2 protein chains.
Amino acid sequence: MADVLEQDQTHQTLQEVNQALENGMFVHVRRMLQDMEPEDIAHLLEASPPKERQVLWQLTDPEEQGEILDELSEDVKDGIVSQMEPEKLAAVTEGMETDDVAYVLRSLPDGKYQKVLAQMDATDRHRVEKALAYPEETAGGMMSTDFITIRGDVTADVVLRYLRMKGELPEATDALYVVDQNEQLIGHLSLSTLITTQPDIEVQEVMEDADEAISVEMDDSEVANLFERRNWLSAPVVDLDNHLVGRITIDDVVDIIREDAEHSMMSMAGLDDDEDTFAPVMKSARRRSIWLGVNVLAALAAASVSNLFEETLDQMAAIAILMTIVPSMGGVAGNQTVALVIRGLAVGHIGETNTRWLLSKEARVGLINGILWAAIIGGVVVVWKGNLILGLIIAGAMMTNLLVAGVAGVCIPILLKKLNIDPALAGGMALTTITDIIGLSVFLGLATVFLV
Amino acid sequence: MADVLEQDQTHQTLQEVNQALENGMFVHVRRMLQDMEPEDIAHLLEASPPKERQVLWQLTDPEEQGEILDELSEDVKDGIVSQMEPEKLAAVTEGMETDDVAYVLRSLPDGKYQKVLAQMDATDRHRVEKALAYPEETAGGMMSTDFITIRGDVTADVVLRYLRMKGELPEATDALYVVDQNEQLIGHLSLSTLITTQPDIEVQEVMEDADEAISVEMDDSEVANLFERRNWLSAPVVDLDNHLVGRITIDDVVDIIREDAEHSMMSMAGLDDDEDTFAPVMKSARRRSIWLGVNVLAALAAASVSNLFEETLDQMAAIAILMTIVPSMGGVAGNQTVALVIRGLAVGHIGETNTRWLLSKEARVGLINGILWAAIIGGVVVVWKGNLILGLIIAGAMMTNLLVAGVAGVCIPILLKKLNIDPALAGGMALTTITDIIGLSVFLGLATVFLV
């Protein structure tokens, strides 16, 4: 009888585990962990503060530690790996997939890296070294080298016998790859076709031609976009001579899709997309202070603009009171455009052909909202401060700033991308700096001309 | 020979298509579209401005329109569907998967909805009505009802014969479901096990028990988290009596993972996560003005705080010049925490057991960065304005505001979630409002006491 899953039970488990840990019932916790799947243990570790995390890790079954590491997010994995002895780490890698071992090794300092490699057995070491030859964020870096190839001129029955003899297929196999004598990819045969085909039919009659194969050099985000668009479950990877060298499966791609999508959100707030929610305080403080340092410069730039209008500010307090409204609205409007463009660039919707159209659209959106909010805020100011000219000035500044926000919101991320700077990371801050400076200059400038 | 894919070719195609459209070479475009896969046409439509999009849609093969609609993002799909006649729409739904037809029907106004249903053939209508019975954002709403069930007491050979007779398996089938006489789920047999098993072995000896099945009522984001964590390719869906009612496959889940992750980013900027990059100007302007309206209130609240200190501002322009720095730093620091907490809530890392720990961590991070930037900004102000007291005042306000930002950054999203308000949508704005008000009050308040 199946357990019907209605919701995530991590927090119940977490509460039980925490209570048991507090009461020092380590044997009980160890037993609980033994009953759990590696992926659930990984989730539990990710949801635990650092101290509990270390204790829990010590209580996991060493045989399972490789599989658990496979499932951990990078920041948490790095934290655990950095505390392990090379010998222990080498032992743990035996339970891991080759691409994950390669990831772990890449994160280690050089000396430790060599020690771990030296401790591994020869076949494993050879495989890992092969995986390490490809850059991390490419198809080559994420592929597995565990797949089954067949020839096109054998019958379905022969293939079935061959597979029965093997007894087990590599994880997540949904298709067999058909290659010629030179190991060049010519097609693939899905398991469902193999199953529904009459036994005496030859593979080449029912296989699907390999019209498209992924190059080892393809960028991993590009791979993820292709999988998502084509609804692939797996895809073959070939080298530049069309030799089959690996296979990428959807489960690795799902992680990249999640990471890429989270990357934009976390970067826009100035965080690393792999930031561990429960990282130690000093580590978090250090990482985040960098971003605050960038913002200090932006805030000082805005203050310097106000400083240019010191005399105006000296003469009328109402101007100082109202001067934050225009930059604030510009920042919000501009960041809407920035978020839209960052997403569009990430999923590949925006390119040279439609940039101009998008620019004109966002400028018009900015203008329309500029007119709307200029009228409203202008009205509010006239009523509140009883000063018609002040109302007209803030309305003019608002309209200008929202128009600028729309245009800058399109141009900044696209420009940053051309300069190879991550638009998600730098886009929002650059935008806000511009809308702050323009908003303050126009408002204070108009006020200086017409009111002082 | 395979085409080795090295990068996304949409923009090259888009350029070719655009040129052909401009020159009125519609026949040429139609031919180009005929050579493309539905998913690539969908991508092309998503990357096109509204006018080109309509023309392109007219030029697609009506037989393929169902499949293309399946692949479109919701906002773009809604735009196209809303312009189609009920008869045509009913015809197009024949090529679509049931859950997608249900989606399209849900988006239609009532009268049109009924007309389309009436035009569909009886079997299709029946299936769609069944799918419509489940709420949209649940396992029931996303599952497909197309799957294969077998009994446990037959041999692998019998199953293979049965499948050969059927000749074709439902899309993305990686496992067959084993049910008892009452259609209750008792296990599943993966295709790879079926293939590698000796023909005379009974299914129940090699099948995997159904320890876990998804309830029709499970929330779709919860389903996505489970798939991601367990590396599933498909999973059975059961009703409350454990009767097998459907199957969810990874390709539908991938869309939800992407949507959920994008949702946080887009919502934080005040956008709908399905916002079409190339939506018509008026539609975009209207949607975004709502968010600007919320910000106007926040900005006016901040201005009202400054207004309380009108006399202080009247006496010293330097205070007005510097007053934006403290709120700005508080907003940035607080939004880092908000982004972290929103992500943690979304992936299920944060719950009652660790909220207190997180709160204390973020408060300490805020305090450390508060001290650091208080010292730096305080120093800058002393040098710039030659006023020691002003430097001490801004340093005190900075420290207070960054501490508040850390605490509020944890509390606001968690509180909003408890109130069933989307933290990604409202969290950032609520946080900024608080850090603006606290930052201004403390800075201007201290200035009033010590300087005026």
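Predicted, not measured: the structure shown is a model, and the values here were computed from it. Note on numbering: residues in each chain are counted from 1, in written sequence order. Each chain takes a letter, starting from A, and each ligand takes a number, starting from 1, following the order in which they are written. Whole-chain, interface and lining totals are the exception, using all residues; otherwise, since this is a predicted model, local features are given only for residues with pLDDT of at least 70 and side-chain atom pairs are given and counted only at 80 or more. Just so you know, side-chain values use all the structure's heavy atoms and leave hydrogens and water out.

### Quick look at the nonpolar core
Right, on to step 1. One finds Leu313(A), Ile325(A), Phe443(A), Leu313(B), Ile325(B) and Phe443(B) to be the most contacted residues of the largest nonpolar core, which totals 81 residues.
Right, on to step 2. Here a residue-residue contact requires only that any non-hydrogen atoms of the pair lie within 4.5 Å. For Ile325(B), the residues in contact, after removing those within four places along its chain, are Ala299(A), Leu300(A), Ala303(A), Ile377(B) and Met398(B).
Right, on to step 3. Only buried Ala, Val, Leu, Ile, Met, Phe, Trp, Tyr and Cys residues count toward a nonpolar core, and they belong to the same one when joined by side-chain atoms within 4.5 Å. Exposure categories follow from relative accessible area, calculated using a 1.4 Å probe and restricted to protein chains: below 20% of the type maximum is buried, above 50% is exposed, and the middle band is partly exposed. Core analysis: the second largest hydrophobic core is formed by 41 residues, Met218(A), Ala224(A), Met142(B) and Ile257(B) among them.

### What to know about the UniProt feature "domain: CBS" (unreviewed entry) in chain A
Right, on to step 1. UniProt positions are given in the numbering used here, feature names are shortened, and annotations may be inferred rather than shown by experiment. The UniProt record marks residues 143–205 and 207–265 of chain A with the feature "domain: CBS" (unreviewed entry), using the residue numbering of this structure.
Right, on to step 2. Secondary structure is summarised from DSSP: a helix means a run of H or I of at least four residues, a strand means a run of E of at least two, and numbering begins at the N terminus for each. The span residues 207–265 of chain A shows a helical share of 46% and a strand share of 29%, and its end C-alpha atoms are spaced 42 Å apart.

### Here we look at the interface of chain B and chain A
Note on interface size: it is often stated as the accessible area lost on association of the parts.
Right, on to step 1. In this assembly, 135 residues from chain B lie in contact with 137 residues from chain A.
Right, on to step 2. Each of two parts loses accessible area, computed with a 1.4 Å probe, when they are put together; buried area is these two losses added. Between chain B and chain A, a total of about 12900 Å² is buried, with carbon and sulfur atoms accounting for 64% of that surface.
Right, on to step 3. The working definition used for a salt bridge is a side-chain nitrogen of Lys or Arg within 4 Å of a carboxyl oxygen of Asp or Glu. On inspection of chain B and its partner chain A, the count reaches 12 salt bridges.
Right, on to step 4. In this structure, Arg230(A) engages Glu39(B) in a salt bridge whose closest nitrogen and oxygen atoms are separated by 3.8 Å.
Right, on to step 5. Gly is placed with the polar residues, together with every amino acid not listed as nonpolar (Ala, Val, Leu, Ile, Met, Phe, Trp, Tyr, Cys and Pro) or charged (Asp, Glu, Lys and Arg). Residues belonging to the side of chain B that touches chain A are distributed by class as follows: 69 nonpolar, 36 polar and 30 charged.

### Some details on the confidence of the model for chain A
Right, on to step 1. Confidence of the prediction at every residue is given by pLDDT, a number between 0 and 100. In the predicted model, chain A carries a mean pLDDT of 88, and the fraction of residues at 70 or more is 98%.
Right, on to step 2. When mean pLDDT is taken per element in chain A, helix α22 (residues 388–418) of chain A scores highest with 96 and strand β1 (residues 3–5) of chain A scores lowest with 57.

### Here we look at unusual backbone geometry
Right, on to step 1. Despite not being glycine, Asn231(B) shows a phi value in the positive range, around 55 degrees.
Right, on to step 2. On the accessibility criterion, Asn231(B) (26% relative accessible area) is partly exposed.

### With respect to the pairing of strand β4 (residues 185–190) of chain A
Residue and element names in this part refer to chain A.
Right, on to step 1. Strand pairing follows a simple DSSP-based rule, namely that at least 2 bridges must link the two strands. Looking at chain direction, strand β3 (residues 175–179) and β4 are connected through 5 bridges and run antiparallel. Its bridge partner being in β4, tyrosine 177 is matched across the sheet by histidine 188.
Right, on to step 2. From the end of β3 to the start of β4, which pair antiparallel, there are 5 residues, and glutamate 183 there has a positive phi angle of about 65 degrees.
Right, on to step 3. Judged from the 2 bridges that link them, β4 and strand β5 (residues 208–209) form a sheet pairing that is antiparallel. Pairing of glycine 187 across the sheet is with aspartate 209, part of β5.

### Remarks on a negative patch on the surface
Right, on to step 1. The grouping of Glu37(A), Glu67(A), Glu97(A), Asp146(A), Glu171(A), Glu208(B), Asp209(B) and Asp211(B) at the surface amounts to a negative patch.
Right, on to step 2. Mapped onto the fold, Glu208(B) is located in strand β5 (residues 208–209).
Right, on to step 3. Looking at Glu208(B), the relative accessible area reads 46%, which means it is partly exposed. Grouping into patches uses exposed residues only, defined as over 30% relative accessible area, and leaves out salt-bridged ones; the cut-off is 9 Å for like charges and 5 Å for nonpolar side chains (Val, Leu, Ile, Met, Phe, Trp, Tyr). Accessible areas in this description were obtained via Shrake-Rupley with a 1.4 Å probe; residue shielding takes into account the shown protein chains only. This count recognises Lys and Arg as positive and Asp and Glu as negative, with His and chain-terminal groups excluded. For charged residues, the charge sits on one atom: NZ in Lys, CZ in Arg, CG in Asp, CD in Glu.

### Here we look at the domain arrangement of chain A
Residues and elements named next belong to chain A.
Right, on to step 1. The split into domains, and so the bounds of each, comes from an automatic or database assignment of domains. According to the domain assignment, chain A contains domain 1 (11–142), domain 2 (149–268) and domain 3 (281–451).
Right, on to step 2. Here the C-alpha centre of domain 3 lies 48 Å away from the C-alpha centre of domain 2.
Right, on to step 3. Contacts between domain 2 and domain 3 engage 5 residues on the former and 9 residues on the latter.
Right, on to step 4. Summed over both sides, the interface of domain 2 with domain 3 buries roughly 560 Å², with 56% coming from carbon and sulfur.
Right, on to step 5. Of all residues in domain 2, Asn225, Ser267 and Met268 give up the largest surface area on contact with domain 3, accounting jointly for 74% of the area buried on that side.

### Concerning the sheet that holds β5(A)
Right, on to step 1. The sheet built from 4 strands is open, its strands ordered β2-β3-β4-β5 (chain A) with mixed pairing. Of all the strands in the sheet, the pair left with one neighbour each is β2 (149–150) and β5 of chain A.

### Digging into the relation of the copies chain B and chain A
Right, on to step 1. Between chain B and chain A, which share one sequence, the superposing operator has a rotation angle of 180 degrees and an axial displacement of 0.0 Å; the RMSD is 0.2 Å. Interpreted geometrically, this transformation is the action of a two-fold axis. Taking C-alpha positions as reference, the residue of chain B nearest the rotation axis is Met265(B), located at 2.2 Å.
Right, on to step 2. Here 100% of the interface residues in chain B have copies in chain A that are interface residues too; the copies meet face to matching face. Superposing the copies works by least squares over the C-alpha atoms of residues that have pLDDT at least 70 in both of them.

### Brief notes about helix α8 (residues 98–106) of chain B
Right, on to step 1. For α8(B), the tally of buried residues reaches 8 of 9 residues, placing the bulk of the element in the interior.
Right, on to step 2. Taken as a whole, α8(B) has its buried residues at Thr98(B), Asp99(B), Asp100(B), Val101(B), Ala102(B), Tyr103(B), Val104(B) and Leu105(B).

### Some points on the packing of aromatic side chains
All names here are of chain B.
Right, on to step 1. For Phe, Tyr and Trp, where Trp contributes only its six-membered ring, two rings pair if their centres lie within 6.5 Å, and the inter-plane angle classes them as stacked under 30 degrees, edge-to-face over 60, or tilted in between. One pass over the full model with this rule turns up 6 aromatic pairs over all chains.
Right, on to step 2. Both rings, one in phenylalanine 227 and one in tryptophan 232, keep their centres 5.5 Å apart while their planes meet at 85 degrees; by these two values the pair is edge-to-face. Neither residue differs from the other here; phenylalanine 227 and tryptophan 232 are each classed as buried.
Right, on to step 3. Note on geometry: a ring has a charge over it if NZ (lysine) or CZ (arginine) is within 6 Å of the ring centre and within 35 degrees of the ring normal. It is lysine 385 that lies over the ring of tryptophan 384; its NZ or CZ is 4.8 Å from the centre.

### Topic: the packing of helix α7 (residues 86–93) of chain A against helix α9 (residues 110–119) of chain A
Residues and elements named next belong to chain A.
Right, on to step 1. Here an angle of 0 to 180 degrees is reported between the N-to-C directions of two axes, which are lines fitted to C-alpha atoms, with helices fitted over the stretch in contact. The N-to-C vectors of α7 and α9 enclose an angle of 55 degrees; their axes lie 8 Å apart at closest approach. By the criterion of interaxial angle, the relationship of α7 to α9 is oblique. For the element pair α7 and α9, the recorded crossing hand is right-handed. Along the contact surface, α7 presents Pro86, Glu87, Leu89 and Ala90, while α9 presents Lys112, Lys115, Val116 and Gln119. Reported orientations rely on four angle classes, namely roughly parallel under 35 degrees, roughly antiparallel over 145, roughly perpendicular from 65 to 115, and oblique for the rest. Note on convention: near helix rotated counterclockwise from far helix by under a right angle means a left-handed crossing. Clockwise means right-handed.

### Let's talk about the environment of Gly246(B)
Right, on to step 1. Tracing the backbone through its elements, the reader meets Gly246(B) in strand β8 (residues 244–249).
Right, on to step 2. Setting aside its immediate chain neighbours within four residues, Gly246(B) contacts Met143(B), Ser144(B), Phe147(B), Ala235(B), Pro236(B) and Val237(B).

### Section: the UniProt feature "transmembrane region" (unreviewed entry) in chain A
All names here are of chain A.
Right, on to step 1. The sites that UniProt annotates as "transmembrane region" (unreviewed entry) are residues 290–309, 315–342, 363–384, 390–416 and 428–451.
Right, on to step 2. With 89% helix and 0% strand, residues 315–342 has end C-alpha atoms that lie 42 Å from one another.
Right, on to step 3. When the span residues 363–384 is considered, its composition is 100% helix and 0% strand, and the gap between its end C-alpha atoms is 30 Å.

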